[in-house]
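Tertiary structure, described
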Amino acid sequence: MANPTLKLRKRRRLRLLAAAAVVLVAMLVTVLLRLGPALPRADRASLWIDTVQRGDMLQEIRATGTLVPRTSRWLAAATAAQVDRILAWPGTVVQPDTVLMTLSNPEVQDSLRNAQAQVAAARADVAARRAELQSQLLDHRSAQAQAQADYASAKVKADADAKAVARHLIPEVRYEQEQIALAQLKNRMQVEQQRVRAFGGSMQAQLDAVRAKLLQQQSNLQLRQRQADALQVRAGIAGVLQEVAVQEGAQVATGANLARVARTDVLIARLQVPEVQAKDVLMGMAVNVDTHDGVIAGKVERIDPAVRDGSVRVDVTLAGALPPGARPDLSVDGRIRIAELHDVLSVGRPALAAAGSDLSLFRLDPDGDTATRVPVRIGSASVDRVQVLRGLKTGDKVILSDTSQWDKYDRLRLR
């Protein structure tokens, strides 16, 4: 028969074990609750970690762009025409008189011939009018000479008759009649002189009129000649042919762009500065231009007043010799130096950081195995560094990589 005492002891032992298990479970739950959720882990090798430093910091703006010629020229069609033949292609070194392409327009040739004929006719009109006026002038001068001769002859006779009248050799009535005739001859002589002078002025005016018509026709001829010459499209400047905008056989309108020629010995960098940063760019600021084959120093020489596609065009004049591979339309990177800050706290530029903003960064703890989120105030921003106004001190190590995946955590564990 079973011993009741043993059964009682066994029950007590089971109850104690159950109570101990309950207490142990409660203690474990309490510890786990106090520890909170497990810390997320981050791979140290995949993070960008930088150290806060005190010293000088360059405030720069980074902008991409291209090298462009300082002097370039688009060649346009002087008249509507058809492209007959293209004689040079992009990359060709050209001189001012190099023919790039030939155009054709029969109407231009017809107009040139008509203008030449009109000039020849106008010249003939000038010559004929001059001969006619010269003949008329000679007739007026002949009439003037005859009047002068008649007056001189009558005056000699009147002078002689004056002596005869004084001696009463001829009647006074006759002498008075001679004086009246003499006065008429003198008046006629003066009229002929005035007529010659007036005709001289009229002659000049008539010649000027026909000469003006000749000049008009010559001007028209020059225009038609330029239009005909423009059918031979010449470079106009020494340089390199950059672009041919038409094809053989194409019809082009007056003023249409045909080709672009540029001087490649003088290049500038044309940078596209984001519009939010363009307000800080001023004339004369120093710029470093990276051509991917060397860095060239320069300075800002022009700032476009307009915004195009979210950026402002900034031209940079370059100092010194260009690298061998430098050529128009080469992509470049520019760093515009805005200011130099002295004795400031700075750190590498965190992802998505903006000047004058507040953000939170993970700062490494002293053990180096964990990182704690801290609020940070950013001051001035440069291409790869930012000024730290508060939240960090010299020597602090912070994670600059994008940590948005851990936004709900205040601590990280590094492995």
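Overview of the structure. (Residues numbered from 1 in each chain as written. Predicted model: local features only at pLDDT ≥ 70, side-chain atom pairs only at ≥ 80, totals over all residues. Heavy atoms only, no water.)

In space, the four strands of this open sheet follow the order β8-β7-β5-β10, with antiparallel pairing throughout. Where the open sheet ends on each side, the last strands, each with one partner, are β8 (232-234) and β10 (251-252). Of the pairings in the sheet, the one linking strand β5 (residues 81-86) to β10 comprises two bridges and is antiparallel in character. Residue pairing for β10: A81 is matched across the bridge by V252. (Pairing = 2+ DSSP bridges. Helix = DSSP H or I, 4+ residues; strand = E, 2+ residues; numbered from the N terminus.)

What follows covers the pattern of salt bridges. This structure, assessed with the given rule, holds 20 salt bridges. Among the ionic pairs, R211 bridges to D208, the shortest N-O distance being 3.8 Å. Here R211 and its partner D208 are both found in helix α3 (residues 172-229), three residues apart, which amounts to about one turn of the helix. Assessed through its relative accessible area of 30%, R211 is described here as partly exposed. The salt bridge involving D315 is made with R270; its shortest N-O contact spans 2.8 Å. Here the residue D315 occupies a position in strand β15 (residues 311-318), and R270 occupies one in strand β12 (residues 267-274), the gap between them amounting to 45 residues. For D315, a relative accessible area of 3% translates into the label buried. Beyond isolated ion pairs, a larger network of salt bridges with shared partners links E60, R335 and D384. (Salt bridge = Lys/Arg side-chain N within 4 Å of Asp/Glu carboxyl O. Buried < 20%, exposed > 50% of the residue type's maximum accessible area, 1.4 Å probe, protein only.)

All right, on to the environment of A230 then. Note that A230 resides in the loop between α3 and β8. Each C-alpha atom, one on A230 and one on E275, is 42 Å from the other, the two residues being 45 residues apart in sequence. Those residues in contact with A230, other than ones at most four positions away along the chain, are A78 and L103. (Contact = heavy atoms within 4.5 Å.)

Core analysis: the biggest nonpolar cluster contains 31 residues, and L100, M101, L103, L241, V246, L258 and V261 have the highest contact counts within it. Among the elements of the structure, β5, β7 (99-104), α2 (106-166), α3, β9 (239-244) and β11 (257-262) are those that each provide at least two residues to this core. By residue number, the principal contributor to this core is α2, which donates six residues. One finds V287, I296, V300 and A326 within the second-largest nonpolar core, a separate group that totals 22 residues. (Core = buried A, V, L, I, M, F, W, Y, C linked by side-chain atoms within 4.5 Å.)

This part covers the sheet that holds strand β4 (residues 72-76). Reading across the sheet, the four strands line up as β4-β11-β9-β6 and stay open at both edges, with antiparallel pairing between neighbours. With partners counted over all chains shown, the strands left at the sheet margins are β4 and β6 (93-94), one partner each. In this structure, β4 lies alongside β11, joined through five bridges in antiparallel fashion. The residue of β11 that forms the bridge with R73 is V261.

The next subject is the pairing of strand β19 (residues 385-390). As judged from the three bridges shared by strand β16 (residues 331-348) and β19, these two strands associate in the antiparallel manner. When the sheet's bridge partners are listed, G348 is paired in β19 with R385. Strand direction decides the pairing type here: strand β18 (residues 370-381) and β19, joined by three bridges, are antiparallel. Bridging from a neighbouring strand, A381 pairs with V386 of β19. Between β18 and β19, which follow one another and run antiparallel, lie three residues.

A few words on the side chain of T102. Along the chain, T102 falls in strand β7. Setting aside anything within four residues of it in sequence, one finds T102 in contact with Q82, V83, D84, R85, L87, L231 and Q232.

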